[in-house]
Amino acid sequence: EELHPDFADRILSSLEYVSRSKRIVHLELDYSHNGEVLTFDWSLSPELDENCNCISILGIGRNITPRKKTEQELLLAKEKAEAADRLKSAILANMSHEIRTPLNAIVGFSNLLGETDPESADREEFVSLINRSADNLMALINDIIDIAKIESGHMVIEKKAVDIMELMDG
């Protein structure tokens, strides 16, 4: 096993500190073992004689590599969850806007319809606008439901070849 080269000075200064201060020191050190980096938590304790002079230093090391890996995995998972949460918030804000647009048209033109003469030439145009807005709102709500089904794993996604030019022309 080889000690990571950056830690040689740290070990020496820690041993000197323990010897001078007569205090316990804790430090983490990385070792290279068979191509894998292992992290150890070390506790360095002074052994004192009857005059309180440091005569030796006892070092106890514990392999904390699994804990370190778990901490890194948890940190990565936390960062991914936070990114997903920010993305979801942005999507919800956008959806709110997208839902309000056709809903405002439905409400607005319904109100105008109620205020116009039943024989008015605008009546047919208002009904047409209300129907188009209702269709847009229904399509948006169906898309939201589909996204929720995909996220929850309740929708089967079918992969198939598509002619992009035909799709764009259609």
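Before reading on, note that the structure itself is shown above.
Here the structure is a predicted model, which is why all the values come from computation and not from measurement.

S.K.: Is there a simple way to think about the overall build of the protein in this case?
M.R.: A tally of regular secondary structure across the protein gives four helices and four strands. Traced from its N-terminal end to its C-terminal end, the protein shows the element sequence β-α-β-β-β-α-α-α. Its C-alpha atoms give the protein a radius of gyration of 35 Å, more than 25% over the compact-globule value 15 Å for 170 residues. The principal-axis extent of the C-alpha atoms belonging to the protein is close to 110 × 45 × 25 Å. Scored against the burial criterion, the 170 residues of the protein give a buried share of 16%. Restricting to contacts in the protein with at least 6 residues of sequence separation, those with at least 24 account for 37%. Of the roughly 13,300 Å² that the protein leaves accessible, carbon and sulfur atoms contribute 56%.

S.K.: Even after reading the chapter, I still don't get the pairing of strand β4 (residues 54-63), so can you show me in this structure?
M.R.: When a strand is regular, its side chains alternate between the sheet's two faces. Bridging between strand β3 (residues 36-48) and β4 involves nine bridges; their strand directions are antiparallel. Across the sheet, the residue bridging to Pro46 is Ile57, located in β4.

Conventions and cut-offs
- Residues numbered from 1 in each chain as written.
- Predicted model: local features only at pLDDT ≥ 70, side-chain atom pairs only at ≥ 80, totals over all residues.
- Heavy atoms only, no water.
- Helix = DSSP H or I, 4+ residues; strand = E, 2+ residues; numbered from the N terminus.
- Rg over C-alpha atoms; globule rule 2.2 N^0.38 Å.
- Buried < 20%, exposed > 50% of the residue type's maximum accessible area, 1.4 Å probe, protein only.
- Contact = heavy atoms within 4.5 Å.
- Areas by Shrake-Rupley, 256 points an atom, 1.4 Å probe, with all protein chains shown as cover.
- Pairing = 2+ DSSP bridges.

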